[in-house]
Amino acid sequence: MLVQASGRVQYRPVGPATRRGRRVPWGTFALMRYIEVSGVRMSVIGLGTWQFGSREWGYGRDYVEHESQRIVARALDLGINLIDTAELYGFGRSERAVGQAVGDRRSQAFLATKLLPVLPVDPVVHQRARGSARRLGVDRIDLYQAHGPNPVFPPGLLFAAFGRLQREGLVTHIGVSNYSLPRWQAAERALGGPVLSNQVQYSLVDRRPDRDLVGWAQEHDRLIIAYSPLGQGLLSGRYTPGHRPGGMRAMRPLFLPDNLERASGLLDALRDVASSHGATPAQIALAWLVHRPNVVVIPGASSVEQLESNAAAGDLVLTDDEHAHLSGASDDFHPQTGWQTVPSLLRARIPA
Ligand SMILES: NC(=O)c1ccc[n+]([C@@H]2O[C@H](COP(=O)([O-])OP(=O)(O)OC[C@H]3O[C@@H](n4cnc5c(N)ncnc54)[C@H](OP(=O)(O)O)[C@@H]3O)[C@@H](O)[C@H]2O)c1
């Protein structure tokens, strides 16, 4: 169910922003949109914080110590309540940075973190949950997610421990991440209650959740949390075969020169739609996702400006034609994957 925001939030768009397809001038009011799923109210645009404290993104010390704090503060100003982190990100540094930045604005945030369920037995799960809560500076985690399925152990072990965390009040909602639909359903049976959300890779460059997860979430009042909604920055259109990102993205198949070349049709479609809204390709890529009921996005941001731009995308409404045009361009994008990419990845490692 779609609900209107309870109040308008003032923000300063960093680029031309649009509301309901109309251009709005700098410094005006815009709406953050919220959805309500299983009684939980969430901003359709959330904030991902893998970047905080993780060396693999290569954003440096000032980003980790200062910009991360400004990003979270600005997110809360703009009405973003969903903030996603994980014990794994920077080995706890991301959780600490989020906790420090949220501070006494706790009531404005819906804090989601994740457990890597390597050994999903009750005492370990409890110890890890307490560690996450401590780093976040909270006595209750709003959404505790399994970072991925553990195929070695039956789901009953982990979800029995999760159930106890809920009953004891350390955790309010349970979620999963990177779960197939059968695994998500099995998790619900093992918990004996709703597993609120499944956090999955979902964007114009990865449409797998369209197969069954999104429809099931819509039918059963559950939530899809789309991670890497900007294809890790590819959908901003700023990267080309001659201008590739550094850090771990340089070694990701998606950012290989061949694949960046293949993405040009999709990026052109994004630019087309963006120009008719006075928006950016990244904003359109997010709007394409949150066009769907029961889907929220958690883009990461390398600056406050990006965060502001992403927040403004929640207010964009695409026409059905624009939506279909983008979906068609996405269908036509066939990146090289798997073993095919090995020679190119090796070439990318060797300096010219
Ligand atoms: N559950 C899981 O297994 C899992 C896996 C991955 C991620 N996640 C979560 O999902 C979050 C988001 O995914 P992600 O960080 O992988 O990918 P993403 O959100 O698709 O991409 C984030 C990157 O895109 C660029 N960007 C962001 N906003 C932009 C804008 N307005 N204009 C232009 N460029 C922009 C920035 O990189 P540059 O400026 O450097 O280009 C930023 O670091 C993570 O932070 C994490 O919380 C979860």
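Structure shown above.
Model, not experiment: these values are computed from the prediction.

1. Some points on the side chain of His-147
Next up, step 1: Within the secondary structure layout, His-147 lies in the loop between β11 (141-146) and α4 (155-168).
Next up, step 2: If sequence neighbours within four positions are ignored, His-147 has contacts with Ala-86, Leu-88, Tyr-89, Lys-114, Leu-115, Leu-116, Pro-117, Ser-177 and Asn-178.

2. Remarks on the pairing of strand β10 (residues 110-115)
Next up, step 1: For β10, a buried count of 6 out of 6 residues is recorded, marking the element as mostly surrounded by other parts of the structure.
Next up, step 2: Residues Phe-110, Ala-112 and Lys-114 of β10 are buried on one face, and the alternating residues Leu-111, Thr-113 and Leu-115, pointing to the opposite face, are buried as well.
Next up, step 3: Where strand β9 (residues 82-84) and β10 come together, 3 bridges link them in parallel fashion. The partner of Asp-84 across the bridge, within β10, is Ala-112.
Next up, step 4: Tracing the backbone out of β9, into helix α2 (residues 93-102) and back to the parallel element β10 gives a crossover that is right-handed.
Next up, step 5: In this structure, β10 lies alongside β11, joined through 4 bridges in parallel fashion. Pairing of Thr-113 across the sheet is with Tyr-144, part of β11.

3. Observations regarding a nonpolar patch on the surface
Next up, step 1: Where nonpolar side chains cluster on the molecular surface, the patch consists of Leu-88, Phe-91, Leu-116, Val-118 and Leu-119 and spans about 480 Å² of accessible area.
Next up, step 2: With respect to the helices and strands, the residue Phe-91 is situated in the loop between β9 and α2.

4. Comments concerning the site of the ligand
Next up, step 1: Neighbouring residues of the ligand: 32 residues in total, closest Gln-51, Tyr-59, Leu-230, Tyr-239 and Arg-249.
Next up, step 2: Within the contact set of the ligand, an oxygen atom lies 2.9 Å away from a side-chain nitrogen or oxygen of Ser-228.
Next up, step 3: Counting atoms within 2 Å of the grid points, the majority share of the ligand lands in the largest pocket.
Next up, step 4: Across the shell around the ligand, the residue classes tally to 11 nonpolar, 17 polar and 4 charged.

How each quantity is defined
Residues numbered from 1 in each chain as written. Predicted model: local features only at pLDDT ≥ 70, side-chain atom pairs only at ≥ 80, totals over all residues. Heavy atoms only, no water. Helix = DSSP H or I, 4+ residues; strand = E, 2+ residues; numbered from the N terminus. Contact = heavy atoms within 4.5 Å. Buried < 20%, exposed > 50% of the residue type's maximum accessible area, 1.4 Å probe, protein only. Pairing = 2+ DSSP bridges. Right-handed = clockwise from strand over helix to strand, strands pointing away. Patch = residues over 30% accessible without salt bridge, like charges linked within 9 Å, V, L, I, M, F, W, Y side chains within 5 Å. Areas by Shrake-Rupley, 256 points an atom, 1.4 Å probe, with all protein chains shown as cover. Salt bridge = Lys/Arg side-chain N within 4 Å of Asp/Glu carboxyl O. Near = heavy atom within 4 Å. Polar contact = N/O pair within 3.5 Å; in protein donor to acceptor, adjacent residues only side chain to side chain. 1 Å grid on protein atoms, 1.4 Å probe; cavity = no way out; pocket = protein on both sides within 12 Å on 5 of 7 lines; lining within 4 Å. Sits in = over half its atoms within 2 Å of the grid points. Nonpolar A, V, L, I, M, F, W, Y, C, P; charged D, E, K, R; others polar.

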